[in-house]
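So you can see what is in the structure, the chains are spelled out below.
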Amino acid sequence: MNNEVIAIQGIEGSFHHQVARAYFGEQVQVSMCSSFRELAEQVAKQSVTKAVMAIENSTAGSILPNYAYVDEYELEVVGEHYIPVKMNLMALPGETFESITEVYSHPIALLQCKNFFKQYPHIKLIEDNDTAEAAKRIAEQGLKNTAAIASTTAAEIFKLNLLAESIHSEQTNTTRFLIISKKGEKVEQADKASLKLILKHEQGSLLKALQILDRYGLDMTKIQSLPIIDEPWKYSFFIDVTFKELPVFVEAIKALEEVSEAHKILGIYKNKNHETRQ
């Protein structure tokens, strides 16, 4: 696994990098991508072994384009990983709350930490492209009186001091990441799958599909609809299910042929349930 190169969205120190280190090991080699499409393209061309891709957040919801990228580039989901998204304030050594006048970070990060800064009215919050990039710029340019909101991984890599940890308002904020590959792989003790369904244009087709899942004992953990381009008012459904036995899951997929125009298994992998999330 040490010879693998893993694509991430963002730079070293980003939350994607944090997941790559947790999933593949601290010494993981990464390919930094400026967008999720670039990430998907690298996996599709097999210029990297796998990729880490954020897919949903417990408070912000699904990242809809990423479902389409997995489908469009014929990628396979081979794993998942959850992390609590913790926002931390960091600056150059020697800086204090009194000396900081500006804080840079991604707009969503700033929004999540807005309440914290009410006690520091002298600090101006400024939107930036990325959490880790803001931290990197402070370190490389030696920016005084300036802080960033980013991960503890970013503080470690860019040698910034943590002024405060977990400053976000929503303490249960968690993001789910997919581990994707072009070739796929056999996963031992797999008990979760991601599917794409295009249902027949018939009354009650979605209900029938859900009844099939229930009949075979599959637990639906996620359903997300996306409009089909050039086919107005027609949708693809991306569904995550957990199961106890793989043969039963296969039977359920075959039964779905009754109500679907097309279906695709996007990946079969190990469920990262509440007990095993880190």
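The present account deals with the structure reproduced in this document. All of these numbers come straight from a predicted model, not from anything done at the bench. Numbering of residues starts from 1 in every chain and runs along the sequence as written. Residues qualify for local features only when their pLDDT is at least 70, as the model is predicted, and side-chain atom pairs are given and counted only at 80 or more; totals for whole chains, interfaces and linings, by contrast, use all residues. To get the side-chain values, all heavy atoms of the structure are used, and hydrogens and water are removed first.

Let's talk about the side chain of Asn57
Okay, step 1: Comment: elements are numbered from the N terminus, with helices defined as DSSP H or I runs of at least four residues and strands as E runs of at least two. Examined against the element boundaries, Asn57 turns out to sit in strand β3 (residues 50-57).
Okay, step 2: At 2.8 Å, the side chain of Asn57 and the side chain of Thr175 are in polar contact.
Okay, step 3: Contacts of Asn57, omitting those with residues within four sequence positions, involve Val85, Asn173, Thr174 and Thr175. Polar contact criterion, stated in full: a pair of N or O atoms within 3.5 Å, where within protein one must be able to donate a hydrogen and the other to accept it, and residues adjacent in sequence count only if both atoms are side-chain atoms. Between two residues, a contact is recorded if the distance between any of their heavy atoms is within 4.5 Å.

Concerning the sheet that holds strand β8 (residues 124-127)
Okay, step 1: Two strands pair if DSSP finds at least two bridges between them. Taken together, the five strands give an open sheet; going across it, the order is β8-β7-β9-β6-β10, and neighbouring strands pair in mixed fashion. Of all strands in the sheet, those bounded by a partner on one side alone are β8 and β10 (161-164). Strand-to-strand, the axes of this sheet are offset by a mean angle of 35°, without reference to chain direction.
Okay, step 2: Sheet topology note: the strand β7 (residues 102-105)/strand β9 (residues 146-150) ladder contains three bridges and is parallel. Note that in β9 the partner of Tyr104 across the bridge is Ala148.
Okay, step 3: Each of β6 (88-91), β7 and β9 touches helix α5 (residues 131-141); the most contacted strand, β9, lies at about 150° to it. Every axis corresponds to a line fitted to the C-alpha atoms, with the helix fit spanning only the stretch in contact, and the corresponding angles, defined between N-to-C directions, vary from 0 to 180 degrees.

Notes on the sheet that holds strand β13 (residues 219-227)
Okay, step 1: Taken together, four strands build an open sheet; the order of strands is β13-β14-β12-β15 and the sheet is antiparallel. The sheet terminates laterally at β13 and β15 (260-269), the two strands that pair on one side only. Neighbour to neighbour, the strand axes of the sheet diverge by 20° on average, direction disregarded.
Okay, step 2: Both β13 and strand β14 (residues 235-242) contribute to a ladder of eight bridges, which runs antiparallel. Each bridged residue has a counterpart across the sheet, and for Ile223 the counterpart in β14 is Ile239.
Okay, step 3: Strand contacts of helix α3 (residues 64-72): β12 (192-199), β13, β14 and β15, with the helix running at about 90° to β13, the strand carrying the most contacts.
Okay, step 4: Where helix α8 (residues 246-255) meets the sheet, it contacts β12, β14 and β15, and its direction lies at approximately 160° from that of β15.

Things to note about the environment of Glu156
Okay, step 1: If you trace the backbone, Glu156 turns up in helix α6 (residues 152-158).
Okay, step 2: Looking at Glu156, the relative accessible area reads 51%, which means it is exposed.
Okay, step 3: Each C-alpha atom, one on Glu156 and one on His16, is 15 Å from the other, the two residues being 140 residues apart in sequence. Partly exposed describes any residue whose relative accessible area lies between the buried limit of under 20% and the exposed limit of over 50%, with all areas from a 1.4 Å probe on protein chains only and scaled to the type maximum.

A few points about the packing of aromatic side chains
Okay, step 1: A pair of aromatic rings is counted whenever rings of Phe, Tyr or Trp (Trp by its six-membered ring) have centres within 6.5 Å, and the orientation is called stacked for planes under 30 degrees apart, edge-to-face for over 60 and tilted otherwise. Applying the stated criterion across every chain yields a total of seven aromatic pairs.
Okay, step 2: For the pair Tyr67 and Phe238, a centre-to-centre distance of 5.4 Å together with 50° between the ring planes defines the contact as tilted. Taken together, the residues span a long stretch of sequence, with Tyr67 in helix α3 and Phe238 in strand β14 at a distance of 171 residues.
Okay, step 3: Judged by its relative accessible area of 7%, Tyr67 is buried.
Okay, step 4: Phe238 gets classed as buried once you look at its relative accessible area, which sits at 3%.
Okay, step 5: Considering the side-chain rings of Phe243 and Phe249, the 4.8 Å spacing of their centres and the 20° angle between planes classify their relative orientation as stacked. The pair formed by Phe243 and Phe249 is uniform in burial state, with each residue classed as buried.
Okay, step 6: Aromatic rings pair up to connect Phe97, Phe116, Phe117 and Tyr120 into one cluster.
Okay, step 7: Our definition puts a charge over a ring when NZ of Lys or CZ of Arg is within 6 Å of the ring centre and also within 35 degrees of the ring normal. For the cation-ring pair, Arg137 lies above Tyr104, with the distance from its terminal atom to the ring centre recorded as 5.4 Å.

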